[in-house]
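A closer look at the structure
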Amino acid sequence: MNGPERTVGTQGLVFNEPLIFEQGSPGRVGYSLPPCDVPEKPPETLIPPHLLRGPIPGLPEVSEVDVVRHYTRISQWNFGIDLGFYPLGSCTMKYNPRVNEDMVRLPGFAKAHPYLPDALAQGALELLWELERYLAEISGLDRVSLHPSAGAHGELTGVMMIRAYHQSKGNPRRKIIIPESAHGTNPASSALCGYQVVPVKSGPRGVVEPEAVAAVMDDQVAAVMITNPNTLGLFEEHIAEIAAIVHAKGGQVYCDGANLNAIMGVTRPGDWGVDVIQINLHKTFSQPHGGGGPGAGPVAVRKHLAPFMPVPTVEKTGDSYALDFDRPKSIGKVRSFATSFGVMVRAYAYIRSLGAAGLTQVAETAVLNANYIMHQLKGVYHLPYDRPCMHECVFSDAIQLRHDVKTLDIAKRLMDYGFHPPTIYFPLIVSGALMIEPTETESKETLDQFIAAMREIAREAREEPEVVRAAPHTPRVSRMDETRAARQPILRWKPAH
Amino acid sequence: MRYIPNTKQDCQAMLQTIGAGSVDELFADVPGPLRLRRALKIPPALAEAELVKRLRALAARNADADRYNSFLGAGCYDHFSPAIIGHLVSRGEFLTAYTPYQPEISQGTLQAGFEYQTLVCQLTGMEVSNASMYEGASATAEAILMAHRITGRTEVVVGRAVHPEYRQVARTYAAQVGLVFREIPFTEAGVTDRDAVTRALGSQTACLVVQYPNFFGGVEELVPLAEAAHAVGALLVVCVAEPIALGLLKSPGECGADLVTGEGQGLGTGMNYGGPALGFLATREQHVRHLPGRLVGQTVDRDGRPGYVLTLATREQHIRREKATSNICTAESLIALMATIYLVSMGPQGLRAVALQNLRKAAYAKGRLGKVPGCGIRFGGPTFNEFVVRVAKKPAAILKHLLKHDIIGGVDLGRFYPDLADCLLLCVTEQKTREEIDALIQALGGVR
C-alpha cells in the first residue's frame with residue numbers, strides 16, 4: 001500500500017449546506033393539516049390572551065423538499081457503520097440489522113400508548129417478559145429491570161438498589177470501590193447516590209488484584225464496581241476471589257456490563273459472584289447508536305436485590321402478563337412509563353435472530369477478530385499489556401511519539417484511509433491509548449485493510465510525519481478548533497440584525 | 001449467521017496467524033470453573049421471515065391508536081408524524097453513527113444537534129439547551145439537581161399538578177442526596193395553589209417546579225409563580241410534557257422561568273409504548289456550566305471553515321468523573337433529530353396551526369362532555385388539549401363500557417390521585433376527528 005489513495009477512503013460529491021435557519025422564504029410551508037372539523041373558535045376565547053404567543057420568530061419556513069435535501073446533505077458529512085469499519089473501542093459498533101427497524105415501526109408497537117390497560121398490551125408485555133428471561137439467562141442472574149434508559153442510567157439504578165439494600169439492613173454505607181480503569185460514568189453514578197469513590201489500581205497484568213481490593217474493603221464499603229472484561233479488553237481473572245472478599249464484609253459486587261458482548265454464552269457474571277450488572281443494549285444487542293442514543297441499560301440482579309427493582313416490573317400469571325407497580329421496597333422510578341420499548345423490540349429481535357448458538361458465536365468471533373488485529377499490529381504500535389485480549393485491544397503511541405506523532409494524529413490520519421478512528425486516550429491508565437474494538441460483524445478482508453492502513457500510518461509517522469500531523473486531509477472539514485468552541489461558546493443560532 | 005461474515009476458513013486462517021489452536025484458547029484467562037459449559041437456554045435462531053411473523057403476532061395483540069379510538073395522553077401524545085421523519089432518520093449516516101467524538105466525520109450529527117439546541121431555545125424562550133436528555137421525568141429530576149447545585153439549597157417545592165411519574169422520578173433521584181420535597185395542592189381551577197406556594201417557599205428553597213400545561217391540561221400563570229420563587233432567591237423550573245402547547249402558549253422563558261425541561265415526544269417521534277422518548281433541558285446562559293449532558297458548539301477548522309464540535313466537556317463524567325454535573329452521557333440524539341425535522345417541517349405557521357387544532361378539538365370535546373348526563377368538567381380553569389372529567393359512575397366501569405365500542409376513554413385518575421378517584425383525564429389531539437369525538441359522547445350517553 002502507498003498512501004490512502006488506494007484504500008476505501010474516497011469522496012463522492014459533497015455539498016456545502018448552511019443551517020436550516022438560513023434557508024427558506026416567508027410563507028413557504030413543509031407541512032399539511034386536515035381542515036379543522038370542529039368550530040374554529042378564536043384562541044383568546046379559550047385561553048386568556050396574556051398567556052398566548054404569536055408564531056415563533058426564527059423558526060424556518062421551508063418546503064418538504066428543502067427539509068429532505070437539507071438533512072440528506074448533512075447526513076453525508078457523517079461516518080456510520082453502514083459506510084465502513086468503526087473500531088471505536090468500548091462502544092461496540094457492530095452492524096445494526098435493518099429488519100429490527102421495520103419491526104419497531106409495526107403499528108402495534110409504534111402506536112401503542114404506555115397507559116393502555118394491560119389486557120390491551122399483551123403482545124408488548126409478552127415481549128418484555130421473554131426478553132427479561134433471555135437477559136437473565138445470558139447474565140446468569142435472577143431478575144432484570146428493563147426500566148433504565150441508557151448504560152449510565154442502568155448504573156445509577158443499580159447503585160440505587162445497592163443503597164436501598166444496605167439501607168434496609170440499617171446502614172447505606174459510605175463508599176464504593178472503583179478501579180482506575182473504569183468508565184467515568186461509574187464514579188459519576190456513585191456520586192449521584194451520595195457515595196465516596198475509593199479508587200484501586202490495576203496490577204502489572206492489567207487486572208485488579210484481590211489484595212488491592214482487600215486492602216480497602218471494610219464495612220463502610222457498599223460495593224465494588226468492576227468492569228469485566230475491563231477497559232483494557234482483559235478478563236478480570238480474579239473476579240470470583242474479589243467477589244468473595246467483598247461479600248465477606250457484606251458488600252455487593254456491581255459489574256459494569258458494557259463489555260458483555262465478549263463473553264456472552266462463554267461465561268456468566270452471575271456465576272462469578274456478581275450481584276448486579278447493567279446490560280447496554282446499544283452495544284451487545286445491536287441497538288443503532290443514532291449519533292448518541294437512544295440506548296437502554298437494563299439491570300440484572302440476584303434474587304436478594306429483586307425487591308428493590310424500580311417499578312414497574314412485568315409479571316406473568318397463567319397466560320397473561322401485567323405491569324406490577326405494587327413493590328413496597330422498590331427504589332421508585334428513574335424515568336416515566338415502563339421502558340424504552342422500541343429499544344427492547346430491537347434487542348428481542350436481535351436475540352431471536354441469533355439464537356443460543358449465534359449469541360455465543362458473536363462473542364467468539366468478536367474475540368478472535370480483536371486478537372487478530374492485536375497480533376498483526378504488535379510491534380508496529382506499542383502494546384502495553386502483551387497477552388491475549390477479549391473483544392478489544394489497547395495500543396499506545398509510545399513508538400510514534402519518537403517522531404512527534406501522537407495518538408490524535410494517528411486517529412485523524414485513519415479517516416483519510418476510510419476508517420473511523422478507535423477510541424483514543426481511554427482508558428486513562430494507558431498514556432496515549434488507542435482502543436480498538438472490531439466486533440464480530442467485520443470480515444477478515446476488512447480487518448486486513450485496517451491493519452494495512454495502520455501499518456502504513458506507522459511508516460508515514462517515521463518517514464513523513466508532517467502528513468500524519470496535518471491529517472485528516474479527506475473530510476469536508478479539517479481539525480476543528482475545540483479550544484475556541486469552549487472559550488467563546490456559540491451554542492445556538494441567532495438571527496443577524 | 002448472516003450478520004457474521006467470517007467463514008470457518010477465515011477463522012482458521014486468523015487462528016493460524018495468531019498461533020492459537022482454537023478460539024477456546026483465546027478465552028484462557030477465563031478460569032475453568034467460571035466457564036459455561038453448555039448452550040444458553042435461548043431458543044434457536046429464527047430466519048428473517050420467521051422473526052417477522054413472530055413480531056407481527058406480538059404487535060397484533062396491542063391496541064394501537066390506528067385501530068382504537070383512544071383519548072389517552074398524560075405525558076405521551078398521539079401526534080401525526082410526517083413520513084419524511086422516518087425516512088430521514090433511517091439514513092445509515094445518522095442511524096449507525098456514534099456520539100460525534102470525531103467532529104471531522106460527524107458534522108451531520110453535530111449540525112443537526114446545533115439546530116436542535118436552537119429550536120428548543122426558540123420553543124421554550126430560553127438561551128441555551130443541551131443536546132438531549134433521556135426523557136421528561138429524568139430530565140425534570142436533573143433540572144432539580146441542577147437548581148440544587150446552583151443555589152446550594154436543599155428544599156424543592158413542587159406542585160401536585162406536576163405529572164405524578166415525574167414527581168416520583170424526581171423523588172427517587174433526589175432521595176439519594178437528601179433533598180426535601182414540599183408538595184403544593186391544586187385549586188378548583190385545576191392549577192397550582194399560588195398562596196400555598198408562597199407559604200412553602202423559603203430561604204432553603206432551591207426551586208419551585210410546575211408543569212406547563214400541567215398534568216390536568218391546565219394552563220398555569222407562570223409570571224406570578226416566577227416572581228414568588230425569585231423573591232426568596234429560588235429558581236423556577238418549568239416542565240413541559242406536551243411541547244405542541246408551546247406553539248400557542250407564551251414561552252416559559254418569557255414568563256421568567258430559569259430552567260425549562262420536559263418531554264419532546266410530542267414532536268412527531270411516536271408513542272412506542274412509552275419510549276424511547278426525548279428529554280430536553282434549557283436554561284439561561286449564566287447557568288450553562290451547571291448543565292448536564294452533551295452540548296454542541298460552533299467553531300472553525302484549521303482553514304477557518306465553520307463547523308461544530310461537542311464542547312464544554314469539563315462538566316462531564318468522562319473528564320470530571322465523580323465531580324461531574326451528572327453521570328449522563330449518551331442520551332437521545334436520534335429522537336432529537338426526529339423532533340428537529342418535525343419542528344422545521346411545521347415552521348412557525350404549522351406549529352401554531354397544529355396547536356390551534358389541539359386546542360379547538362379538545363375544547364369541542366370538553367364542551368360536549370360537560371353536557372353528557374353523569375359527566376362534568378372537574379376544573380374551571382383554561383386547558384390546552386387535556387382536561388379532567390368527573391363521572392358519576394365508577395371510572396373503571398365507564399372505561400370498560402367504552403371499550404365495547406373500541407374506545408379507550410382516557411386515564412383513570414384514581415391511579416395517581418385518591419382525591420380524584422371519580423375522574424378521568426382525557427386528551428384530544430389533532431388526530432381525533434369530530435366523528436371520533438362524537439362517538440365517545442354517544443357511547444358515554446349509553447353508560448348505565
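Residues numbered from 1 in each chain as written. Chains lettered and ligands numbered in written order. Predicted model: local features only at pLDDT ≥ 70, side-chain atom pairs only at ≥ 80, totals over all residues. Heavy atoms only, no water.

Below, the discussion takes up the overall build of chain B. Scanning chain B from terminus to terminus reveals 14 helices and 15 strands. Within chain B, contacts between residues separated by at least 24 positions form 71% of all contacts whose residues are at least 6 apart in sequence. Carbon and sulfur atoms make up 52% of the accessible area of chain B, which totals about 14500 Å². Distance between charge centres in chain B, computed from 46 positive and 43 negative side chains, equals 6 Å. (Helix = DSSP H or I, 4+ residues; strand = E, 2+ residues; numbered from the N terminus. Contact = heavy atoms within 4.5 Å. Areas by Shrake-Rupley, 256 points an atom, 1.4 Å probe, with all protein chains shown as cover. Lys, Arg positive; Asp, Glu negative; His and termini not counted. Charge placed at Lys NZ, Arg CZ, Asp CG, Glu CD.)

What follows deals with the overall build of chain A. Of regular secondary structure, chain A possesses 14 helices and 12 strands. Here chain A has a C-alpha radius of gyration of 25 Å; the compact-globule value for 497 residues is 23 Å, and the two agree. Judged by the C-alpha coordinates and their principal axes, chain A covers about 75 × 65 × 45 Å. In chain A, buried positions account for 68% of the 497 residues. Summarising the internal contacts of chain A: among those between residues at least 6 apart in sequence, 71% fall at separations of at least 24. Accessible area of chain A: about 15900 Å², with a carbon and sulfur share of 51%. (Rg over C-alpha atoms; globule rule 2.2 N^0.38 Å. Buried < 20%, exposed > 50% of the residue type's maximum accessible area, 1.4 Å probe, protein only.)

Per the domain assignment, the segments of chain A are domain 1 (3-75), domain 2 (98-353) and domain 3 (357-485). When each unit is reduced to the centre of its C-alpha atoms, the spacing between domain 1 of chain A and domain 2 of chain A is 39 Å. (Domains from an automatic or database assignment.)

What follows deals with the packing of aromatic side chains. A full pass over the atoms with the stated rule returns 26 aromatic pairs over all chains. Summarising the aromatic geometry, the rings of Phe235 of chain A and Trp272 of chain A are spaced 5.4 Å apart at their centres and angled 90° between planes, so their arrangement reads as edge-to-face. Pair noted here: Phe235 of chain A is in the loop between strand 4 (221-227) and helix 8 (239-248) and Trp272 of chain A is in helix 9 (residues 269-272), with a separation of 37 residues, a long-range link. The burial state of Phe235 of chain A is the same as that of Trp272 of chain A; both residues are buried. By the ring-pair criterion, three or more aromatic residues cluster together here, those being Tyr115 and Phe337 of chain A together with Phe186, Phe215, Phe216, Phe379, Phe416 and Tyr417 of chain B. The ring of Phe15 of chain A is capped by Arg73 of chain A, whose NZ or CZ atom sits 3.9 Å from the centre of that ring. (Phe/Tyr/Trp six-rings, centres within 6.5 Å; stacked < 30°, edge-to-face > 60°. Lys NZ or Arg CZ within 6 Å of the ring centre and 35° of its normal.)

Turning to the interface of chain A and chain B, a few remarks are in order. Facing the 207 residues of chain A at the interface are 181 residues of chain B. For the chain A and chain B pair, buried surface summed over both sides reaches about 17100 Å², with 63% attributable to carbon and sulfur atoms. It is Arg53, Tyr115 and Leu491 of chain A that lose the most area in chain A upon contact with chain B, and together they represent 5% of the buried surface on that side. In this assembly, chain A and chain B are joined by 11 salt bridges. Across the pair Glu104 of chain B and Lys412 of chain A runs a salt bridge whose closest N-O atoms are separated by 2.8 Å. The interface formed by chain A and chain B contains 91 residue pairs in polar contact (both at pLDDT 80 or more). The greatest single-element share of the side of chain A that touches chain B, amounting to 28 residues, is contributed by helix 10 (residues 341-377) of chain A. A class-by-class count of the residues in the side of chain A that touches chain B yields 119 nonpolar, 50 polar and 38 charged. (Buried area = accessible area lost by both parts, 1.4 Å probe. Salt bridge = Lys/Arg side-chain N within 4 Å of Asp/Glu carboxyl O. Polar contact = N/O pair within 3.5 Å; in protein donor to acceptor, adjacent residues only side chain to side chain. Nonpolar A, V, L, I, M, F, W, Y, C, P; charged D, E, K, R; others polar.)

Turning our eyes to something else, we now look at the sheet that holds strand 15 (residues 423-427) of chain B. Residues and elements named next belong to chain B. The 4 strands are arranged 11-12-15-14 in an open sheet whose pairing can be described as antiparallel. The two strands at the open ends of the sheet, each matched to only one other strand, are strand 11 (375-377) and strand 14 (411-412). Sheet topology places strand 12 (residues 386-391) next to strand 15; 5 bridges connect them, and they run antiparallel. Across the sheet, the residue bridging to Arg390 is Cys423, located in strand 15. Docked against the sheet, helix 12 (residues 333-369) engages strand 11, strand 12 and strand 15, running at close to 10° with respect to strand 12. Here helix 13 (residues 395-403) sits on the sheet in contact with strand 12, strand 14 and strand 15, set at roughly 45° to strand 15. (Pairing = 2+ DSSP bridges. Axes fitted to C-alpha atoms, helices over the stretch in contact; angles between N-to-C directions.)

Now for the pairing of strand 12 (residues 433-436) of chain A. For a regular strand, side-chain orientation follows a simple rule: the groups alternate between the two sheet faces. Residues and elements named next belong to chain A. Both faces of strand 12 are covered, namely the face carrying Ala433 and Met435 and the face carrying Leu434 and Ile436. Pairing geometry for strand 10 (residues 393-396) and strand 12, over 4 bridges, is antiparallel. When the sheet's bridge partners are listed, Cys393 is paired in strand 12 with Ile436. In this structure, strand 11 (residues 423-424) lies alongside strand 12, joined through 2 bridges in antiparallel fashion. Note that in strand 12 the partner of Thr423 across the bridge is Met435.

Next up on the list: the sheet that holds strand 1 (residues 143-145) of chain A. Residue and element names in this part refer to chain A. Here 7 strands make up an open sheet; going across it, the order is 1-7-6-5-4-2-3 and the pairing mixed. Each of the sheet's edge strands pairs with one partner strand only, and the pair in question is strand 1 and strand 3 (196-200). This sheet shows a mean twist of 25° between the axes of neighbouring strands, independent of strand direction. With 5 bridges joining them, strand 4 and strand 5 (residues 252-256) adopt parallel strand pairing. Among the inter-strand pairings, Val224 is bridged to a residue of strand 5, identified as Val253. Its contacts with the sheet place helix 6 (residues 185-192) against strand 2 (175-179), strand 3, strand 4 and strand 5, and it is angled at close to 175° to strand 2. Sheet strands touched by helix 8: strand 4 and strand 5. Its angle to strand 5, the strand with the most contacts, is close to 145°.

One widely used convention gives an interface's size as the accessible area the parts lose upon coming together. Residues and elements named next belong to chain B. As far as domains go, chain B holds domain 1 (69-80 + 347-445) and domain 2 (83-341). Here domain 1 and domain 2 have C-alpha centroids that lie 27 Å from each other. Residue-level contacts link 32 residues of domain 1 with 30 residues of domain 2. Across the domain 1/domain 2 interface, buried area totals approximately 2500 Å², and carbon plus sulfur atoms make up 66% of it. On the domain 1 side of the contact with domain 2, Tyr77, Phe384 and Tyr417 bury the most area, a combined 24% of that side's loss. Run the count over domain 1 and domain 2 and you get 2 salt bridges. Close ionic contact of Asp419 with Arg160 constitutes a salt bridge, the shortest N to O distance being 2.9 Å. Where domain 1 meets domain 2, there are 12 residue pairs in polar contact (both at pLDDT 80 or more). Contributions of two or more residues to the side of domain 1 that touches domain 2 are made by helix 12 and strand 12.

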